[in-house]
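A structural walkthrough
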Amino acid sequence: MAAATTVDVVPSFSAGQWRRDASARSGEVFNPSTGKLIARVPLASAAETDAVVRAAKAALADWAETPAVERARVMFQFRHLMAAKFEELAALVTREHGKTLAESRAEAQRGLEMVEFACSVPTMLMGDTLPNIAGGVDAETNRHPVGVCVGITPYNFPCMVPLWMIPVAIACGNTFVLKPSEKVPLSAVRIGELLEEAGLPAGVFNIVHGDKECVDTLLTHPDVAAISFVGSTAIAKYIYEVGTKHGKRVQAAGGAKNHLIIMPDADLDQSVKALAASAYGCAGQRCMAGSVAVAVGKIADPLVDELCSYAGNFKVGPTDGYEAVDMGPVIRAEHRDRVAGYLDIAKQEGATVPLDGRRDFAGDGFLLGPSVVDRVEPQMRLAQEEIFGPVLSVVRADSLDAALEVGRNCPYGNGASIFTRDGYAAREFKHRFNAGMIGINVGVPAPMAWFPFTGWNQSFFGDLHIQGTESVHFYTRQKMTLTRWFKSSADSFQDPVWKTVRKG
């Protein structure tokens, strides 16, 4: 491991200034492919966090009054810079997270699409009007910024998830404070540099690094108006409860246990490839990963056999500097060990492990291969808990109704997919499965920028979801105006809405 004196300190950013201030506490940033320390990240105190929020507040009035078209032009320039630096952004995600370069490119592309969506925000800020809604009275609505907005983002998508929030919030006229995961802060810094280069005024976008002390300061700060969060369910619930208690508008996306139902008539080869991509893509570290395959009827045995054969041939290895890899490392050594521990839990609970991803890998990277766990029962921990790693549990069901019941008893509700050639089965699944995002012969039913990321149940806390027009509604508030002009001061007064007349 490199000596601490040779490791970069990750900068914070506020009021247009990059700072590498010494902090009383710091975290460590590793390259998962090598296991080596690559940076130290300062963990901001409450006072340091307060200073960043105050910088965002100071910039708010001018930015909110900047014409929406001019705000959008900054996003157009940001989009241009992101496209020019696309490969650099993807390589940075791979370096600090461990995704394959292909996965990092896909992540950067999805982030880029959110910027493109934000470029069109002025058309979504247009209000409604109705002349003569009552006698001589015109009605109109307008959308206004909510204020200082905060984004608290996870480690699994260091480029994409911050871009779910930042472009729309800023294009709507708000200022923004990003608190990225302290495990993957480098992509956030590069995003900040590109926003600065795009011409964003000082203080409109800010970065603060930290842990619970920093987060609690943001949740309770009187100058913060809205909070967006993505992470585990336990923390999402905490963010929502504390934030709303202190008067914040909150959207908090939590964990998941996504079900993939495979009907007896499904195309086996296509289903296996889709299931493997869903379960093992990004090493299973995504909230839309398929983690429970519900095999219906006679397809169960061949499905398990083909899954083990296909996933067992994955090339698992370091990704930083290597493209010929099917799956990369997980984020930390302790996370690898926690995920691997579920394979022991599976055996203890009576399941079988026909494909065990624990291998002797060369090097010091945080590597774990894909695993398949068969004959999992719905009440087992592997069927109920979010593992967040490359483990696919197979539950066997004798009918579509039984498969739907497995999902109905799960506390989460992010996404689910069905693989079938039967239109009736697909329709039943679409209407009856208890989740917010549905796929039909699609392994990862994650929406693109123009549609909301609609988690249900314990997978989301709040009313307005991330992405799409709901994100514009989250980052704005409506004002309704009634206007009446009198023809002359001699007109007698009559309330045009309540139909009352004041005499004398």
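Structure: above.
Keep in mind the model is a prediction, meaning the values are calculated, not measured. The numbering scheme is per chain: residues are counted from 1 as the chain's sequence reads. Since the coordinates come from a predicted model, pLDDT governs what is reported: local features require at least 70, and pairs of side-chain atoms require 80 or more to be given and counted, while whole-chain, interface and lining totals use all residues. Water and hydrogen atoms play no part in the side-chain values, which are based on all heavy atoms of the structure.

What follows deals with the overall build of the protein chain. We count a stretch as a helix when DSSP gives it H or I for four or more residues in a row; a strand needs E for two or more, and each element gets its number in order from the N terminus. Across its full length, the protein chain holds 16 helices and 21 strands. In summary, the protein chain has a C-alpha radius of gyration of 25 Å against a globular reference of 23 Å for 504 residues, a match within 12%. Considering only C-alpha atoms, the protein chain reaches an extent of 90 × 60 × 40 Å along its principal axes. Three labels apply to residues, based on accessible area from a 1.4 Å probe with only protein chains included: buried if under 20% of the type maximum, exposed if over 50%, partly exposed otherwise in between. Scored against the burial criterion, the 504 residues of the protein chain give a buried share of 56%. Here the accessible surface of atoms and residues is derived via Shrake-Rupley with a 1.4 Å probe, and residues count as covered only by protein chains that are part of the display. As presented, the protein chain carries roughly 21100 Å² of accessible surface, and 52% of it is formed by carbon and sulfur atoms. When charges are counted, Lys and Arg contribute as positive and Asp and Glu as negative, whereas His and the chain ends are disregarded. Where a charge lies is defined by one atom per residue type: Lys uses NZ, Arg uses CZ, Asp uses CG and Glu uses CD. Within the protein chain, the 56 negative side-chain charges are centred at a point lying 5 Å from the centre of the 50 positive side-chain charges. In this description the radius of gyration comes from C-alpha coordinates, and the expected globular size is given by 2.2 Å times residues to the power 0.38.

Moving on, we get to empty space enclosed by the protein. Only protein atoms enter the 1 Å grid used here, on which a cavity is any set of points holding a 1.4 Å probe that cannot leave and a pocket is any open set flanked by protein within 12 Å on both sides along at least five of seven lines; residues with an atom within 4 Å of a point are listed as lining. Grid points are joined across faces, edges and corners, and a volume is the space filled by probe spheres set on the points. Considering all chains together, one arrives at four cavities of 30 Å³ or more under this definition. Approximately 110 Å³ is the volume attributed to the largest cavity. Lys-257, His-259, Gly-407, Cys-410, Tyr-412, Gly-413, Asn-414, Gly-415, Phe-433, Asn-434 and Ala-435 together form the lining of the second largest cavity. Here the lining of the second largest cavity is built from residues that sort into four nonpolar, six polar and one charged. Residue polarity is assigned by list, with Asp, Glu, Lys and Arg as charged and Ala, Val, Leu, Ile, Met, Phe, Trp, Tyr, Cys and Pro as nonpolar; anything else, Gly included, falls into the polar class.

What makes a nonpolar core is a set of buried Ala, Val, Leu, Ile, Met, Phe, Trp, Tyr and Cys residues whose side-chain atoms join them at distances within 4.5 Å. Grouped together as the largest cluster of nonpolar side chains are 58 residues, with contacts concentrated most on Met-75, Phe-78, Trp-164, Ile-170, Phe-176, Phe-205 and Tyr-475. Of all the elements, helix 6 (residues 160-171) adds the most residues to this core, at 10 residues. Among the nonpolar cores identified, the runner-up in size contains 41 residues, and Leu-260, Val-330, Leu-392 and Phe-419 belong to it.

In this description, strands pair whenever DSSP reports at least two bridges between them. As summarised here, the arrangement of the three strands in space is 1-5-4, forming an open sheet in which the pairing is mixed. Because the sheet does not close on itself, it has two edges, and the strands there are strand 1 (8-9) and strand 4 (26-31). Note that strand 1 and strand 5 (residues 36-42) share two bridges and pair parallel. Bridge pairing in strand 5 places Val-9 opposite Arg-40.

Right, let's get into the packing of helix 2 (residues 68-84) against helix 4 (residues 101-119). The description of two packed helices rests on the angle between their axes and on the distance between the axes. Here an angle of 0 to 180 degrees is reported between the N-to-C directions of two axes, which are lines fitted to C-alpha atoms, with helices fitted over the stretch in contact. As a packed pair, helix 2 and helix 4 sit with axes 8 Å apart at the nearest point and diverge in direction by 160 degrees. One finds that helix 2 runs roughly antiparallel with respect to helix 4. Between helix 2 and helix 4 the crossing geometry is left-handed. Contacts from Ala-72, Met-75, Phe-76, Phe-78, Arg-79, Met-82 and Ala-83 of helix 2 reach helix 4 at Ala-108, Gly-111, Leu-112, Val-115, Glu-116, Ala-118 and Cys-119. Classifying every residue of the contact of helix 2 with helix 4 gives 11 nonpolar, one polar and two charged. By the definition adopted for this analysis, an angle is roughly parallel if under 35 degrees, roughly antiparallel if over 145, roughly perpendicular if from 65 to 115, and oblique otherwise. For a crossing to be left-handed, the near helix must be turned anticlockwise from the far one by less than a right angle; the clockwise case is right-handed. By definition in these notes, contact holds between two residues if any of their heavy atoms fall within 4.5 Å.

Another aspect to go through is the packing of aromatic side chains. Any two rings among Phe, Tyr and Trp, with Trp reduced to its six-membered ring, count as a pair given centres within 6.5 Å; such a pair is stacked if its planes are under 30 degrees apart, edge-to-face if over 60, and tilted if neither. Scanning the entire structure with this criterion turns up 10 aromatic pairs. Each ring, one from Trp-164 and one from Phe-453, has its centre 4.8 Å from the other, and the planes form 45 degrees; the classification is tilted. In this pair, Trp-164 is assigned in helix 6 and Phe-453 in the loop between strand 19 (437-440) and strand 20 (460-461), connecting sequence segments 289 residues apart. A relative accessible area of 5% places Trp-164 in the buried class. With 6.3 Å between their ring centres and 35 degrees between their planes, Tyr-240 and Phe-461 make a pair best called tilted. Residue Tyr-240 is located in helix 9 (residues 233-245), and its partner Phe-461 is located in strand 20; the two are separated by 221 residues in the primary sequence. Take Tyr-240: its relative accessible area is 27%, and that puts it in the partly exposed class. The class of Phe-461 is buried, set by a relative accessible area of 10%. Here the aromatic residues Tyr-280, Tyr-310 and Phe-314 are joined through ring pairs into a cluster of three or more. Any Lys NZ or Arg CZ that is within 6 Å of a ring centre and within 35 degrees of that ring's normal is treated as a charge sitting over the ring. The positively charged end of Lys-99 is found above the aromatic ring belonging to Phe-157, 4.1 Å away from the centroid.

A separate point is the sheet that holds strand 6 (residues 129-134). If you walk across this open sheet you meet the three strands as 6-7-21, and the pairing is antiparallel. A single partner strand is all that each edge strand has here, and the edge strands are strand 6 and strand 21 (476-484). Going across the sheet, the axis of each strand differs from the next one's by a mean of 30 degrees, ignoring polarity. Pairing of strand 7 (residues 137-145) with strand 21 involves nine bridges; the strand directions are antiparallel. Directly across from Asp-138, in strand 21, lies its bridge partner Thr-483.

Here strand 4 runs beside strand 5; their pairing, made up of six bridges, is antiparallel. Looking at strand 5, one finds that Gly-27 is bridged to Val-41. With antiparallel pairing between neighbouring strands as the criterion, strand 4 and strand 5 make up a hairpin whose turn holds four residues, including Gly-35 at a positive phi of roughly 75 degrees.

Right, let's talk about the layout of surface pockets for a bit. Roughly 760 Å³ of internal volume is contained in the largest pocket. Lining the largest pocket are 30 residues; nearest its centre among them are Pro-154, Phe-229, Gly-231, Ser-232 and Ile-235. Mapped by element, the contributors of at least two residues to the lining of the largest pocket are helix 8 (212-220), strand 11 (224-230), helix 9 and helix 12 (333-348). Partitioned by chemical class, the residues of the lining of the largest pocket number 12 nonpolar, nine polar and nine charged.

Should a side-chain nitrogen of Lys or Arg be within 4 Å of a carboxyl oxygen of Asp or Glu, the pair is scored as a salt bridge. The tally for this structure, following the rule as stated, stands at 25 salt bridges. With a shortest N-O distance of 3.5 Å, Arg-110 and Glu-113 are connected by a salt bridge. Remark: Glu-113 and Arg-110 occur in helix 4; sequence separation between them is three residues, near one turn of the helix. The exposure class assigned to Glu-113 is buried, which follows from its relative accessible area of 9%. One salt bridge connects Arg-396 with Asp-374, and the closest N-O pair in it is separated by 2.9 Å. Highlighted residues: Arg-396 in strand 17 (residues 391-397) and Asp-374 in strand 16 (residues 371-374), separated in sequence by 22 residues. Take Arg-396: its relative accessible area is 29%, and that puts it in the partly exposed class. The network of salt bridges with shared partners includes Arg-25, Asp-211 and Glu-213.

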